[in-house]
Structure formats: C-alpha cells, structure tokens
Amino acid sequence: MKKIIAAAVVAAASFGLVTGASAGTLDNVKAKGQLVCGANPGTAGFGVPDEKGNWTGLDVEYCRAIAAAIFNDPTKVKFVPLSSKDRFTALASGEVDVLVRNSTWTMSRETTLGVIWAGINFYDGQGFMVNKKLGVKSASELDGASICVQQGTTTELNLADYFRSTGKKYQVVTFGTSEEALKAYDTGRCDAYTTDRSGLAADRLSMAKPDDNVILPEVISKEPLGPLVRQGDDQWLNLVKWVHFALLIAEEDGITQANVDEKVKSDDPEIKRILGTDGKFGESLGLSNAWVVQIVKAVGNYGEMFERNVGPKTPLQLARASNALWNKGGLQYAPPIR
Amino acid sequence: MSTQAIPRHESPKVVFYNDPKIRSLFFQFILLAAVIALFWFAYDNTLANLKKRNIAQGFGFWNVEAGFDISQTLISYSAASTYGRAFLVGLLNTLLVSGLSIFFATVIGVIIGVLRLSKNWVVSRLAGFYIELFRNIPLLLVLYFWYGAVLSSLPEPRDSIAIPGDIWLNSRGLLVPRPVILDQFWLVGWSIVLALGVAVAITRYARRRQAETGRRLPAGWLSTLVMIGLPLIVYFAAGQPLGLDLPVKGRFNINGGLNLAPELVAMVVGLSTYTAAFIAEAVRAGVVAVSKGQTEAAHSLGLTDGQTLRLVIMPQALRVIVPPLNSEFLSLTKNSSLGVSIGYPDLVNVFTGTVLNQTGQAVEMVSVTMLVYLSFSLLTSAFMNWFNTRVALVER
Ligand SMILES: N[C@@H](CCC(=O)N[C@@H](CS)C(=O)NCC(=O)O)C(=O)O
C-alpha cells in the first residue's frame, strides 16, 4: 500500500509540473538573471557547442540577441540542447523560455502543441543527399531507394508526401537522432539522407568524407525556420518577435556592429526611433530604450549574423537567396518601428 | 451424573468502531478513496492544464491519416493508413522482435550456462568471459555494435551476394522468396492442427504404456514424423497451394520478396546475446542448487550423464531457474524499446516517437504505451507462473 501512495504522489507531482508559469516570462527571465534557450544539439552554423561548451550558430546568436536586449549582456544565456523529438514538449512545459532550433513553422504545431512562432529567421526547404558514386543527379531518380531520416521532424512527413505524389517507391528507415540517421547512411544502409537543405549542408560537413556526397537540386517542401515561444504570453511573444525584426531593420538601415556607436548620433528620425534616442519603443517592450543598440553591439545585424555563421565564407557556404532582405530580392521583411 | 452442556464461550460484545475487522475495512476504504481521488485530481488537473495551454487532447487521433511510412510492416500499411494502424504495426514489430529474441536468448543462455559448469577449464572460462562481458556493457552499446557490425560487413545492393534459391544478401538485408498463400492453403493449416493433436495423443499413450508395462515407445520420433509428414502429404495432395514472390534486382535494390532488414537482425542478435548472459547465470545457479548427492545417486542407479541431466538434475534445477527467467523475459521485452536508436520500427519508435510528435499528444501516447507494456508483462508473468507451477515440487 505504501508503494501505491508513493506512486500516486509521484504521479500527482509530475502532472503538477505542467502547471509551471506561463504568463510573465519576461519577469521570470529577469528574476532568474538568465535566458534559458532551447538549442540544436549539433547542427553546424545553426547551433553547436564546441569541446569547451561554447555555443555558436545563427540560432544560438538569436538567443544571445534576446539576452542582450534584456540584460545588455549576450552571455546571460543558458543553452539546453534538445533533440527534434523533445523540443516542443520542453518549450510547452516551461523547461526553456524560447526555442530557436531549426524548427519549421507549421499549422498543426501551432494549433496542437501550445506553441507560437515569433518569426522566420531562415527560409529553407527539404532536400536529399546521396553518395556521388550512385551517379544520381536528380531526386526523380530515387525510385526504389532506401532513405534514412530523423524522427520527430517535418522531414518524415514531407518524404512520404513526395513519394506518394510522384507515385514512386522507397523504403524509409527512421532514427531517433540525426547523428544515428547520418551514420546509418554513411555505413551504406541508405541510398539517400534527407532533411532541411541547410541541415544537409551542415551534416555533410560532419561526415568522414564530405566530398563523396552531393546535395540534389530538388527542394521538396517549404521549411520556414524560426524562433518560437509558449502560447499565452503576448508580451514575451512581442519581445522575441521584435528582436528578430530589429535585426532585419538594423541591416536595412545599415546599422552594424562596427558603426552603431556612430549611428546613435544620427539625426535621421527613423534611426533615432530604432536606436532609442527618440521615443519609448524599448520601454513599451519592457526593455531599455537602447535595446537595439545593445543587440547590434552584441551580435551585429541579421546580415552580419548570416555571413558569420552560414554565409558563403563559412564552411556551410549558403547563399543569401530567399534570406536576403525584401529590397534585395529576398523574403526577409520587417514591419517598421514606429 | 448429569452431563451439563458447557456454555459456549461468547466473545465479549465490543462497540463496532473497536471491532478490528470493521476498523481495518474502514481504513482500507479511506486509503482507496484517497488514492482514487489523487488519480482523479491528477487526471483532471492535466486535462485542464493542457486545455489552458492550447495543447491537443483526447483519443480522436486513432482514425486520422498517419502520413508517414514505416520500414517493416507485418500487416499491410501505407502513409495513407491511420494512426491506429501504425500503432498495430509497431505493436506487432515489438512482439516479433521480443518473441524471436526470447527464443534465441533462452537457447544461447542455456548453452552458455551449462558450458560455464563444464569440467573443461578453458570452456568454462570462455563462458564466464562471455557472461561478464555482456553483463557489463550497456545494452545500447551492444545494439550499436551489432548494427555497425552487421551493416559494415555486408556489400552494397549493387554487389549483392546471390545465394542459390533466389536469396540475396546485402546491406539492405537478407531477401528471400516470400510465400504467397493461395486458396487451398487452409487444408494444410488444418492438417497441422490435426498432426499436433495426434502427436500429443502418441506421447500420452507412450507414457501410460511405460507406466503400465515398463516398455518404451520411440514417441519423440513418431510424433515428429506425424508432424512433418501429414502436412507435407496434404500440401502435395491439395496441389501445392503456396506461391512464391521472388526478389528481383532493381537499380538501387532488390525488389519484391521478403526482407529481413539489418535492423531486425541487429535487434534480435543484440537482445539475445545480451539477455543470454543473464539467463546463463540463472541456469548455472539452478544447476548448482541441486545437491551433488543427486548426481551420485543417479549414477549409482546406472543412469548415463545425459539421462542424469535430463531426468534428475534439470527437473529440480528448473524450480530455481524459472522465476528469474521470467524477469529476464520481461526486461528483454521492455529493452526492445531501444529500437529507435538503430532504426527498428518497434512500438516506441513508431507510436511514442513519430505519432506522438505528429500529434503532440504526449499524455495519451505515453499512457497507451505504458498500458501495452503492462499487459505484455502481466501476460508473460501469467504464463511463467503457470509454467512454474508445472515444474514446481509436486508433493505426493
Ligand atoms: N525543420 C525540421 C527538421 C529540423 C531538424 O530536426 N533537423 C535535424 C537535422 S539538421 C536536426 O537538427 N538534428 C539535430 C539532432 O537532433 O541531433 C523540423 O522542424 O521538423
């Protein structure tokens, strides 16, 4: 009987966990003195820790930007590595304050998981990687192939859709982590490995012989990746959303890590609003009015972050393409700060 | 002298709340009510919280289209099937891998356990090394090892090894012709049932005859003959109602046929080699528990070594072996949930993994999965308990 009671108490306690705070995330973060950020356990260019535990990547720098906006200190972030499977539960249960981890914005995720996206920091699409020696040039040649994939992703579903709509056959082998899926592909279990094309570029580099593998030209899905938060806290959603927009607007207005101190002296009315020398835009978010100055000083603008982490001069060599600003032929567009 | 009935000793009247029986009932009732209330509170609280957070709930998902594929399906399944069907596929895959592994683990375990007791020093040390090795390595590593070993030792599909009889071996698995059941096959099915019945009858008769007359019949041989012979005769008489779907070579892979995927092979080899180490220990303990005097007595009766083991030692050892075996079988079944790490589509991979992630309904999926494993455990325990009473000491 004692056991039953103990079990009941444990069960009650674990269900009780679900009652964690939902509103007032900003106050919580300020009280904790740090931002807890759900990050990718290991995708180069987006989120990856080195041997010393220093995190780098575009998604990682988004968390630093949010910390800079709140604390004027980009180091006040605790990164929690989350697998594809666990990430949404971790966010919904309050384990992390924000999730920035190659996560695709979809309707069902927003309507059933209790989470909401704050924006799109990388426009992506799903692709395939194959070994060069197969001589495959296009995804349309993959009829009958076996394909390794990671569980808990949109990838799994897009793959089934793609082969259903093209009427081709394939065999899927599903793994818990991308590391396991990639290893099985590398050992010859699968003809192809599939995930977001940005993920392919990163995963290819982590292989023993990256040059033996090619990424096929086809893009079989839309993968809008971006930061997301729990539903029910609009103040916090606004904050994360506007940090993202501020990064885009800074690039649009030529505000960089190097020149931000100069720009603060500018007389341009828009720049004055953005950098907080005019108006109370920061305060309205619960921050200091110099929030954008703090962000740009810490991580630069969106363009700088892109170039530093995934751009053509990095090992990933990704082009700006859809991720260029709207006035440079891309899709990145931010509403005005006014 | 008149006999006078001694008045029966009446128990003194107590107030009902001091009656130990009523008291104990009362407290048990309170405890039960408290436990139920606690569970109800947890359930209600969970639902309310999920609702507040806009997280989907309920069991409406069973009939929703799954939209993903599964590599190994024992029943027909496609991305257009429902989550309910996906659940069944995962369940059957778990049963398949557990069933096969339990069989092989027992066989290997018994052999290693007996070898461990061998008088040959080298053999007994080798068996001891095996046991220590597998008992001290985490199962996940064992699985990674076998999966890696299976995969890297096999050729790519282009260089498939052809084995006579339309069998191919490559890194996608072992492809064998798939039997296709035709119309008249039910005749063969029934003949197998009939043969089984006859075999049981023969064994019973042989036992009775030996008890009555002391003469023995080669019952084992006779039943084997019936069990193989009868279905075979019916099979040919019914016009061989079994077709074959042969594997054929395609661009990437061999298509058609029946594929024993490397994931299945690695799972079965991994689970059975690992669990065998524990079973071997149980077997050794059981045999050692039978006193040496039994062997000596059996020998002095003129029984051979084999007969001694089979007729004297084993029946007594089984009493010690069976209970721990039960828990080994249970752990093996639960351990099969590591399948996702090497891509084997068991219940946890398919249902608690992919389905949970597509629907986001963690509470429902985890509860259902727990219920399934609980039922497996109860069923296994029930069977092993039954088996245990059969081998237990029969007191005459
Ligand atoms: N964008 C897709 C896939 C994201 C994803 O999980 N990508 C993989 C492959 S790059 C990953 O990040 N894996 C890292 C890991 O779990 O170890 C989604 O949101 O479902």
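Residues numbered from 1 in each chain as written. Chains lettered and ligands numbered in written order. Predicted model: local features only at pLDDT ≥ 70, side-chain atom pairs only at ≥ 80, totals over all residues. Heavy atoms only, no water.

Turning our attention to the sheet that holds strand β2 (residues 167-170) of chain B. Residues and elements named next belong to chain B. The antiparallel open sheet is built from four strands, whose spatial order is β1-β2-β3-β8. Of all the strands in the sheet, the pair left with one neighbour each is β1 (161-163) and β8 (258-260). On average, each strand axis in the sheet is tilted by 20 degrees relative to the strand beside it, whichever way the strands run. (Pairing = 2+ DSSP bridges. Helix = DSSP H or I, 4+ residues; strand = E, 2+ residues; numbered from the N terminus. Axes fitted to C-alpha atoms, helices over the stretch in contact; angles between N-to-C directions.)

Residues and elements named next belong to chain A. Each assigned domain of chain A is listed with its residue range as follows: domain 1 (2-123 + 225-328) and domain 2 (126-221). Counting residues at the interface gives 15 residues for domain 1, matched by 11 residues for domain 2. For the pair domain 1 and domain 2, the summed buried area comes to about 1000 Å², and 58% of that belongs to carbon and sulfur atoms. For domain 1, the biggest contributors to the area lost against domain 2 are Ser84, Lys85 and Leu316; these three give 36% of the whole. Taken together, the connections running from domain 1 to domain 2 amount to zero salt bridges. Counting every contact that joins domain 1 to domain 2 gives three residue pairs in polar contact (both at pLDDT 80 or more). (Domains from an automatic or database assignment. Contact = heavy atoms within 4.5 Å. Buried area = accessible area lost by both parts, 1.4 Å probe. Salt bridge = Lys/Arg side-chain N within 4 Å of Asp/Glu carboxyl O. Polar contact = N/O pair within 3.5 Å; in protein donor to acceptor, adjacent residues only side chain to side chain.)

Once that is clear, we can look at the state of the cysteines. Residue and element names in this part refer to chain A. For the coordinates displayed, the defined rule picks out two disulfides over all chains. In this model, cysteine 37 is linked to cysteine 63 through a disulfide, with the two sulfur atoms separated by 1.9 Å. Residue cysteine 37 is located in strand β1 (residues 35-39), and its partner cysteine 63 is located in helix α3 (residues 58-71); the two are separated by 26 residues in the primary sequence. Note on cysteine connectivity: cysteine 148 is disulfide-linked to cysteine 190, with sulfurs 2.1 Å apart. An S-S torsion of about 75 degrees defines the bridge between cysteine 148 and cysteine 190 as right-handed. In this pair, cysteine 148 is assigned in strand β9 (residues 145-150) and cysteine 190 in the loop between α7 (178-186) and β11 (192-196), connecting sequence segments 42 residues apart. For cysteine 148, a relative accessible area of 0% gives the class buried. The class for cysteine 190 is buried, based on a relative accessible area of 5%. (Disulfide = S-S within 2.5 Å. Buried < 20%, exposed > 50% of the residue type's maximum accessible area, 1.4 Å probe, protein only.)

All names here are of chain A. The full set close to the ligand counts 21 residues, and Asn40, Ser84, Thr104, Gln150 and Asp196 are the nearest of them. In the environment of the ligand, an oxygen atom lies 2.9 Å from a nitrogen or oxygen atom belonging to the side chain of arginine 109. For the ligand, a nitrogen atom lies 2.7 Å from a polar atom in the side chain of aspartate 196. For the ligand, the protein covers 97% of the area, taking 500 Å² as the surface of the free molecule. At the level of elements, α6 (154-166), β11, α8 (197-205) and β13 (223-225) are the ones that each hand at least two residues to the shell around the ligand. Split by residue class, the shell around the ligand holds two nonpolar, 13 polar and six charged. Residue assignment places the shell around the ligand across two domains, with domain 1 (2-123 + 225-328) and domain 2 (126-221) each supplying three or more. (Near = heavy atom within 4 Å. Areas by Shrake-Rupley, 256 points an atom, 1.4 Å probe, with all protein chains shown as cover. Nonpolar A, V, L, I, M, F, W, Y, C, P; charged D, E, K, R; others polar.)

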